[in-house]
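Coordinates in review
Here are the chains, one letter per residue:
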Amino acid sequence: MLRSVQRKYAAPLKSQALNQKLNRLVAAARTPRMASTSSGQQSRSILWFRKGLRLHDNPALRDACTGSAAVFPIFIIDPYFLQKANYKVGVNRYQFLLESLTDLNSSLIGLGSQLLVLRGTPEEVLPKVLRDWGIKKLCYEIDTEPYAKVRDSRVDDMAREAGVEVKKHWSHTLYDTDMLVRENKGKAPLTMQAFEKLVDRVGQPLAPLPAPTARLPPVDVSLPGIKDTEVGVPTWQEMGYKEAPTSIFKGGETEALKRLEHYMKDTKWVASFEKPSTDPTAFIEPATTVLSPYLKFGCLSARLFHQRLLDVYRLHPKHSQPPMSLRGQLLWREFFYTLGSHTPNFDRISGNPICRQITWDSNPELFKAWRDGATGYPWIDAAMTQLREWGWMHHLARHAVACFLTRGDLYLSWESGKEVFEELLIDADFFINSANWMWLSASAFFAQYFRVYSPITFGKKYDKDGAYIRKFLPVLKDMPAKYIYEPWTAPREVQQRANCIIGRDYPAPIVDHAAASKECIARMGAAYKATNTGGAAKASPAKAAPSGDASTSAAAEAPPKKKATGKRAASTDQDNKRQKTLEETVTRKKGGKKEAGK
DNA sequence: AGGCGGTTGGATCG
DNA sequence: CGATCCAACCGCCT
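Here goes a summary of the coordinates provided. Predicted model only: the values in this text are computed from it and were never measured.

Before going further, it helps to spend a moment on the overall build of chain A. Broken down by element type, chain A carries 23 helices and 5 strands. Out of the 598 residues belonging to chain A, those deemed buried represent 55%. A separation of at least 24 residues holds for 80% of the contacts in chain A among residues at least 6 apart in sequence. Total accessible area on chain A stands at roughly 26,100 Å², and carbon and sulfur atoms take up 55% of it.

A few words on the sheet that holds strand β5 (residues 165-169). Strand order in the open sheet made by the 5 strands is β3-β2-β1-β4-β5, with parallel pairing throughout. Looking at strand neighbours, the two that pair on one side only are β3 (116-119) and β5, the edges of this open sheet. Averaged over all adjacent pairs, the angle separating strand axes in this sheet is 30 degrees, with direction ignored. When strand β4 (residues 137-141) meets β5, the two strands line up parallel, connected through 5 bridges. Bridge pairing in β5 places Leu 138 opposite Val 166. Of the strands in this sheet, β1 (44-49) and β2 (70-77) touch helix α4 (residues 91-110), which is tilted by about 170 degrees from β2.

Let us now look at the protein's contact with DNA strand C. Taken together, the residues surrounding DNA strand C are Thr 191, Lys 197, Arg 356, Ala 447, Gln 448, Tyr 449, Phe 450 and Tyr 528. Here, DNA strand C places atoms within 4 Å of the protein, and 81% of those atoms are sugar or phosphate. Taken together, the residues of the surface near DNA strand C break down into 4 nonpolar, 2 polar and 2 charged.

Most of β4 is tucked away, with 5 of its 5 residues classed as buried. The pairing of β1 with β4 spans 4 bridges and is parallel. Counterpart to Ser 45 in the pairing with β4 is Lys 137. As a crossover connection, the stretch from β4 through helix α6 (residues 146-161) into β5 is right-handed.

Now for empty space enclosed by the protein. Under the definition given, this model contains 4 cavities of 30 Å³ or more. The space that makes up the largest cavity amounts to roughly 60 Å³. Along its surface, the largest cavity is lined by Leu 47, Trp 48, Phe 49, Lys 51, Gly 52, Arg 54, Asp 57, Asn 58, Ala 60, Tyr 140, Glu 141 and Ser 171. Breaking the lining of the largest cavity down by element, the ones donating at least two residues are β1 and β4. Looking at the lining of the largest cavity, the element that brings in the most residues is β1, giving 3 residues. In this structure, the second largest cavity encloses a volume near 40 Å³. In terms of lining, the second largest cavity is formed by Ile 142, Asp 143, Thr 144, Trp 170, His 172, Thr 173, Thr 177 and Tyr 337. Tallied by class, residues from the lining of the second largest cavity come to 3 nonpolar, 4 polar and 1 charged.

The rules we used
- The written sequence of each chain sets the order in which its residues are numbered from 1.
- To read the labels, note that chains go from A and ligands from 1, taken in the order they are written.
- Side-chain atom pairs in this predicted model are given and counted only at pLDDT of 80 or more, local residue features only at pLDDT of at least 70, and totals for whole chains, interfaces and linings cover all residues.
- Side-chain numbers here rest on the full set of heavy atoms in the structure, without hydrogens or water.
- In DSSP terms, a helix is any run of H or I states spanning at least four residues, a strand is any run of E spanning at least two, and both are numbered starting from the N terminus.
- Categorising residues by exposure relies on relative accessible area from a 1.4 Å probe, with only protein chains included: less than 20% of the type maximum marks a residue as buried, more than 50% marks it as exposed, and the intermediate range marks it as partly exposed.
- Whether two residues are in contact is decided by their heavy atoms, any of which lying within 4.5 Å being enough.
- For accessible areas, the Shrake-Rupley method is used with a probe of radius 1.4 Å. Any residue's cover is judged against the shown protein chains and nothing else.
- When DSSP locates at least two bridges between a pair of strands, those strands are taken to pair.
- Orientation is described by axes fitted as lines to C-alpha atoms, over the contacting stretch for helices, and by angles from 0 to 180 degrees between their N-to-C directions.
- Think of it this way: one heavy atom of a residue within 4 Å of a molecule or strand is enough to make that residue near it.
- Put simply, Ala, Val, Leu, Ile, Met, Phe, Trp, Tyr, Cys and Pro go in the nonpolar bin, Asp, Glu, Lys and Arg in the charged bin, and everything else, Gly too, in the polar bin.
- A clockwise course of the path from the first strand over the helix to the second, judged with the strands pointing away from the viewer, identifies a crossover as right-handed.
- Of the grid points, spaced at 1 Å and generated over the protein atoms alone, those admitting a 1.4 Å probe that cannot get out make up cavities, while open sets with protein on both sides within 12 Å along at least five of seven lines make up pockets; any residue with an atom within 4 Å of a point is treated as lining.
- Grid points are joined across faces, edges and corners, and a volume is the space filled by probe spheres set on the points.

Okay, here's the thing in structure tokens:
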């Protein structure tokens, strides 16, 4: 490890000449032809916001404004994202979106424009407004998620039929990820190392565009469907949510830029940042930047973040390196976007050529306990509670709960875990979420399935007294530190003094980790022998028999598609009476962002 | 065919 | 705190 770090330190970002050449080429290709006012004065354009909820580094915005007498910035409230059976969005992420829209609207108003929030499916809404408003040009940011690809190709067809020019721009990712794949002989890299090499070869991303400062072409409010009452940003209640949002993070470009600058100011911290050594239990101030939700919605441009990092690295030549550095985090995002948008069924096991076809158990009771933070392991349950309340938890906390659900303890499918994250995380991102679940379940990318996180000792390593647990599981707030990670081991009188009886006020553990993890490792070994990824069938099934002792009866993996229903060690009753205190009063003690150690 | 590296394991030893 | 074991995976590179 040390050696590889040193090797990478010695090889800084290279091929500047190539970078600059590429930058010039692409910049030239997308420079608006300002001069041609030929189609000019009468022309009306739509700027369609989907992600990319910002004014800075927004090439679609610049394009829409170029040569247009009127520009209509729209956002469409697509019912698709509210269909519960399809793609659940929890109230915290929806609220984050609404806040982002509100912020975007204020910024647009400041430039003499405004955001028009339209209701309906894009396929219905767009043809109507293209016609009603006499639109000549439709501009938007490219989105490579499967749903967006289908939606946009339909919209493109409709626009073409209506004689409307469609202009699409790459600005959600650092690069045109299709170009990266082309540059890699048409194949998306499967390892981070290979991806880093590819990126090094291609050169630096384009410099971000500045936000416009001059007034934008106006919205023609006399046209049909643009009364204030029809185009305002709705509330979460109007979107049909029954429970109020509880996240502490506020959406919007303004907030994103503030957060970015706050973290970039501490240049030593930025330069020494190494993700694996950040503290998952820090909660007064999280140990990482929490810029992910802003990147997800495009409140923050990845290219701006990247540029600001390079600025800091120039001040600190001995800065940390990918994959662990902050820049490395952006490259992980880019890697998963690139691979994910070129892999079918990336969010599923079935039909996913990079995903190992493991037959996981099905057990609704265990799954529910995990989802609801009622496993009886306080570290796991606190993390799941933070997820539900804040819509965010540290990356390593995600590791811990994902490992617990899948290969570590419960042996349940990563797909169901992914769906819970997809609902609850404010930064839930199609490609990144799926990729990380495959990673943690050792279904792709990662194969050392015998490295299992302990639901007891992992959190303890960072937070001996359990402040994180006390914060998110107040029912355990008076449990002595000695027992807080394993409260079932506390003597009865200790439980009584702490006002927390295990099995009554807080659940007993649903599995015995020592036994469960041992069994899981054995089953993973068998699964690895018996299965392959969803792609080409590799070799023969080999012997599927567990090698060692008869640690598990169900060790031999059935071929894909078969459902095993083996259940786990005795699951105790989980009557949890613990109250959720969604509103916590002022947080106290401990925290501050930690310097990344080494 | 074999060695190496792999963003983030745990327990135990010194 | 660092090394070693645990049991031993994968893809990639040579």
